[in-house]
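Here is how the chains run, residue by residue.
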Amino acid sequence: MRLLHTSDWHLGRAFHRVNMLGAQAGFIGHLVETVREHAVDVVVVSGDVYDRAVPPLAAVELFDDALHRLAALGVPTVMISGNHDSARRLGVGAGLIDRAGIHLRTDPAGCGTPVVLGDAHGDVAFYGLPYLEPALVKAEFGVEKAGHEAVLAAAMDRVRADLATRAPGTRSVVLAHAFVTGGEQSDSERDITVGGVAAVPSGVFDGVDYVALGHLHGCQTLTERVRYSGSPLPYSFSEHRHRKSMWLVDLDADGSVTAERLDCPVPRALARLRGTLEDLLADPELTPHEDAWVEATLTDPVRPDEPMARLTERFPHTLSLVFDPERGPEEPGVSYARRLADRSDQQIAEDFVTHVRGAGPDHREQDVLRDAFDAVRADDTAWEVAR
């Protein structure tokens, strides 16, 4: 059986101030043509179909168009909700859409109930594990302490229990939206840390033939059977080295896997440039980046006049301007933004306690802060689902 594994469409999302809906429509067209050209048997979409719980109308219309075009091909599609989606909204009408071969899996309670599709070698069971917010699903899975590893392990126990009841030789595919140990993050993914831990070990998924992951935006191979497709389009400059693609996966009769990366169309290259304003404007080696979307970091010791206007004369698609003055040893000042870069909310809060009190929080106080951040994120998720 031939699968096309994709995820993290984020329909409705912009790239800085650039509306990406046209590029997203271009990707949908490319997806449909890829299904046709490569004789794909099943399309799997591993979450974050939309960029937010209540997407703009244009994004909903594009999703509707995608569903119609995929259904018209007669190729089944299995989708799950991600942490950006409202599971309840995305799942509306799932039972009816299911009849058209579009299988939406957004209810955590259905993790152990697969979509069963067949080929010449027998059945393949597709298990959809939507994004599992630990605080909201721990009761469903009977786990005492809310954590990603605990709820995913419980969900996979249901998968393996169901698989054990099926005919010998039944192959299995799991769709999951999670941060799995070994994956490389970018700046455009929403933090899903719970209890100070974001990642779960890939061993949680043992016992199935292929795991189609979503959430991280870089295409990655964790093991031959566990892969991220990544997002089809860039959504932050941290992705400037990404090769945007999808996985074309062949699942053989014995469950062995072979996979090939298929490139996605690139609306415009990304470039991260660094230097003084005069250097960036004069350096001939930067000529290839003149048509790219540009993030420019200026290192001038004194902020120059009208830097954005001057940059856009050479790089008309400059979208982000960062100031990071190079200072000598006698000038130790570091900007507030620079001090906060790459630090989690938990670390920033602990730094604040240290600054105010003169000593950092003890273990008990760290736990209080961690629980508070977990509760706020869970409340935000519940509110997005409910509205």
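Residues numbered from 1 in each chain as written. Predicted model: local features only at pLDDT ≥ 70, side-chain atom pairs only at ≥ 80, totals over all residues. Heavy atoms only, no water.

With that out of the way, let us pick up the pattern of salt bridges. The tally for this structure, following the rule as stated, stands at 18 salt bridges. Of the charged contacts in the structure, one is a salt bridge between Asp98 and Arg105, with a shortest N-O distance of 3.8 Å. Residue Asp98 is classed as partly exposed on the basis of its relative accessible area of 27%. Note on Arg105: relative accessible area 23%, which makes it partly exposed. Between Lys244 and Glu239 there is a salt bridge, with the nearest N and O atoms lying 2.6 Å from each other. Residue Lys244 is classed as buried on the basis of its relative accessible area, which comes to 8%. On the accessibility criterion, Glu239 (2% relative accessible area) is buried. (Salt bridge = Lys/Arg side-chain N within 4 Å of Asp/Glu carboxyl O. Buried < 20%, exposed > 50% of the residue type's maximum accessible area, 1.4 Å probe, protein only.)

Looking now at the packing of aromatic side chains. Inspection of the entire model under this criterion finds four aromatic pairs. Relative to Trp293, the ring of Phe15 has its centre 5.2 Å away and its plane inclined at 35°; by these criteria the two rings are tilted. One end of the pair, Phe15, is in strand 2 (residues 14–15); the other, Trp293, is in strand 16 (residues 293–298), and 278 residues separate them in sequence. Taking the relative accessible area as the measure of exposure, Trp293 reaches 6% and is therefore buried. The interplanar angle of 65° and the centroid separation of 5.4 Å between the aromatic rings of Tyr50 and Phe63 together place this pair among those described as edge-to-face. You can see Tyr50 sitting in the loop between strand 4 (42–46) and helix 2 (57–73) and its partner Phe63 sitting in helix 2, a full 13 residues away along the chain. On the basis of relative accessible area, Tyr50 is assigned to the buried category, the value being 8%. (Phe/Tyr/Trp six-rings, centres within 6.5 Å; stacked < 30°, edge-to-face > 60°. Helix = DSSP H or I, 4+ residues; strand = E, 2+ residues; numbered from the N terminus.)

So, about the sheet that holds strand 6 (residues 102–105). The six strands lie next to each other as 6-5-4-1-13-14, forming an open sheet whose pairing is mixed. The open sheet has two free edges, formed respectively by strand 6 and strand 14 (257–263), since each of these has just one partner strand. Strand-to-strand, the axes of this sheet are offset by a mean angle of 20°, without reference to chain direction. Together, strand 1 (2–6), strand 4, strand 13 (245–251) and strand 14 form the strand contacts of helix 1 (residues 21–37), whose direction differs from that of strand 1 by roughly 165°. (Pairing = 2+ DSSP bridges. Axes fitted to C-alpha atoms, helices over the stretch in contact; angles between N-to-C directions. Contact = heavy atoms within 4.5 Å.)

Bringing the nonpolar core into the picture now. Side chains of a nonpolar character, in soluble globular proteins, are inclined to be buried together. By size, the foremost hydrophobic cluster in this structure holds 30 residues, and its most contacted members are Leu129, Phe141, Leu152, Met156, Val174, Phe205 and Leu213. For this core, the secondary structure elements donating two or more residues are strand 8 (122–129), helix 5 (134–141), helix 6 (148–164), strand 9 (171–177), strand 10 (210–214) and strand 12 (226–228). Looking at which element gives the most residues to this core, the answer is helix 6, with seven residues. (Core = buried A, V, L, I, M, F, W, Y, C linked by side-chain atoms within 4.5 Å.)

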